[in-house]
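# Examination of the molecular architecture
Here is how the chains run, residue by residue.
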Amino acid sequence: MSSGSEEGARASQDEESVSTSQEAPSTHSTWRDPLSRKASKLVGFLLEKYKLKEPILQAAMLKIFSKKYTKHFPEILRRASERMELVFGLELKEVDPSRHSYALISKLALPSEGSPSDESGLPTSGLLMSLLGMIFRKGNRATEEEIWEFLSALGLYAGRRHLIFGEPRRLISEEFVQQKYLTYRQVPNSDPPRYEFLWGPRAHAETTKMKVLEFVAKVAGTIPSAVPDLYEEALQDEEERAAVRAAARAAAVAEGSALPGPRPRSSSHI
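Described below are features of the structure shown in this document. All of these numbers come straight from a predicted model, not from anything done at the bench. (Residues numbered from 1 in each chain as written. Predicted model: local features only at pLDDT ≥ 70, side-chain atom pairs only at ≥ 80, totals over all residues. Heavy atoms only, no water.)

### Section: the pattern of salt bridges
Let me state the cut-off plainly: A side-chain nitrogen of Lys or Arg and a carboxyl oxygen of Asp or Glu constitute a salt bridge if their distance falls within 4 Å. Here a helix means four or more residues in a row that DSSP labels H or I, a strand means two or more in a row labelled E, and each is numbered from the N terminus. The buried label goes to any residue with under 20% of its type's maximum accessible area, the exposed label to any with over 50%, and the partly exposed label to all in between, with areas taken from a 1.4 Å probe on protein chains only.
Counted according to the given criterion, the structure contains 13 salt bridges. The partner of arginine 185 in a salt bridge is glutamate 196, and the shortest N-O contact between them spans 2.8 Å. Taken together, the residues span a long stretch of sequence, with arginine 185 in strand β5 (residues 182-186) and glutamate 196 in strand β6 (residues 195-199) at a distance of eleven residues. Looking at arginine 185, the relative accessible area reads 32%, which means it is partly exposed. Residue glutamate 196 is classed as buried on the basis of its relative accessible area of 4%. In this structure, the salt-bridge partner of aspartate 237 is arginine 241, at a minimum N-O distance of 3.0 Å. Of the two residues, aspartate 237 and arginine 241 both sit in helix α10 (residues 228-258), four residues apart, roughly one turn of that helix. Judged by its relative accessible area of 13%, aspartate 237 is buried. Within this structure, Glu75, Arg78, Arg79 and Glu82 form a network of salt bridges that share partners.

### Quick notes on the sheet that holds β5
Put simply, the rule reads: Two strands are said to pair when DSSP picks up at least two bridges between them.
Read from one edge to the other, the open sheet built from three strands follows the order β4-β6-β5, with strand pairing classed as antiparallel. Each edge of the sheet is formed by a strand with only one pairing partner; in this case those strands are β4 (142-143) and β5. Sheet analysis places β5 next to β6, joined by five bridges and oriented antiparallel. Within β6, the position partnered with leucine 182 by the bridge is tryptophan 199.

### Comments concerning helix α4 (residues 73-88)
Selection rule: For a helix, the expected span equals 1.5 Å multiplied by the residue count minus one. Residue contacts are counted whenever heavy atoms from the two residues lie within 4.5 Å of one another.
Between the first and last C-alpha of α4 there are 21 Å, a value that for 16 residues agrees with the 22 Å anticipated at 1.5 Å per step. Of all 16 residues that make up α4, twelve are buried, and the element is covered over most of its length. For α4, every residue scored as buried is listed here: Phe73, Ile76, Leu77, Arg79, Ala80, Ser81, Arg83, Met84, Glu85, Leu86, Val87 and Phe88. Where the residues of α4 are buried, they touch α2 (34-52), α3 (58-63), β2 (90-96), β3 (101-106), α5 (125-137) and α9 (209-220). One or two positions beyond α4, positive phi appears at glycine 89, with a value near 70 degrees.

### Re the sheet that holds β3
So the rule is basically this: Throughout, an axis means a line fitted to C-alpha atoms (over the contacting stretch in the case of helices), and angles, computed between N-to-C directions, take values from 0 to 180 degrees.
In spatial order, the strands read β1-β3-β2; together these three strands make up an open sheet with antiparallel pairing. Every other strand in the sheet has two partners, leaving β1 (56-57) and β2 as the edge strands with one partner each. One ladder, built from two bridges, connects β1 with β3; its direction is antiparallel. Bridge assignment links isoleucine 56 to a residue of β3, and that residue is tyrosine 102. Each of β2 and β3 is contacted by α4, which is oriented at about 130 degrees to β2, the strand it contacts most.

### Notes on the packing of aromatic side chains
Each aromatic ring pair is specified by the distance between its two centres and by the angle formed by the two planes. As a reminder, the rule being used: Pairing of aromatic rings covers Phe, Tyr and the six-membered ring of Trp, with a centre-to-centre limit of 6.5 Å; geometry is then stacked below 30 degrees between planes, edge-to-face above 60, and tilted otherwise.
By the definition in use, this model includes two aromatic pairs. Seen in terms of ring centroids, tyrosine 184 and tyrosine 195 are 5.3 Å apart; in terms of plane orientation they differ by 20 degrees. Their pairing is stacked. Linking tyrosine 184 in strand β5 with tyrosine 195 in strand β6, this pair joins segments that are eleven residues apart in sequence. Between tyrosine 184 and phenylalanine 197, the ring centres sit 4.8 Å apart and the planes meet at 40 degrees, which makes this aromatic pair tilted. Of this pair, tyrosine 184 sits in strand β5 while phenylalanine 197 sits in strand β6; the two residues are 13 residues apart in sequence, bridging distant segments of the chain. In this structure tyrosine 184 comes out as partly exposed when scored by relative accessible area, which is 35%. Three or more aromatic residues joined by ring pairs form one cluster here, namely Tyr184, Tyr195 and Phe197.

Here it is in structure tokens:
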């Protein structure tokens, strides 16, 4: 890509991420922040170790940066860890303090079988859970602008190829929308047309508001009940699902009892 087209793409990205999302930590023009760039580099390193199932040592992580960033390593590690959780659902845990050795542990709420992953096979369920949580917090629908503002805080920009995911628009439309995890539709009565995202039927079938809330709360280091309104809505959702399951079981029992039983044998005397 020529420098002119790069500048045009960057200008467009700046326009798309002018405001800061309340749902995720962000700064204006996050991609310009050198610590955020280093965090992105560290994410790539961590993903490579995860795919190869190799140990993750702090000494090895420090080697990928110049010495002037050593004092900033705790902040770089914090940002990289946050992205690993939000995007991939992988928590970075220190497993051996004496060696400063780490491991990536899955904390996903979606079932692993058939759950989404990108072309490299890396799980994207963490990103999906974060998006579902963001939609839930926005009143069960989020505008396209709000979605991209949220994604830009995670280093995913529309029209800008990502190191891991490629073009993010393709990930959202071909991965999450086509597989029915998200529903993308025009905002009713919007003129000019505006678009919004909602939970798709597969998300409703494979997870719940409570599971999503638990995931988001865990990433934020809090508990679901810390957000009373969302917690109450999630509890109501659980109760409604339980009622539907109970009604389905009752219907199945009633249908079974209504089936004709075997005919009694006629007795014959010799």
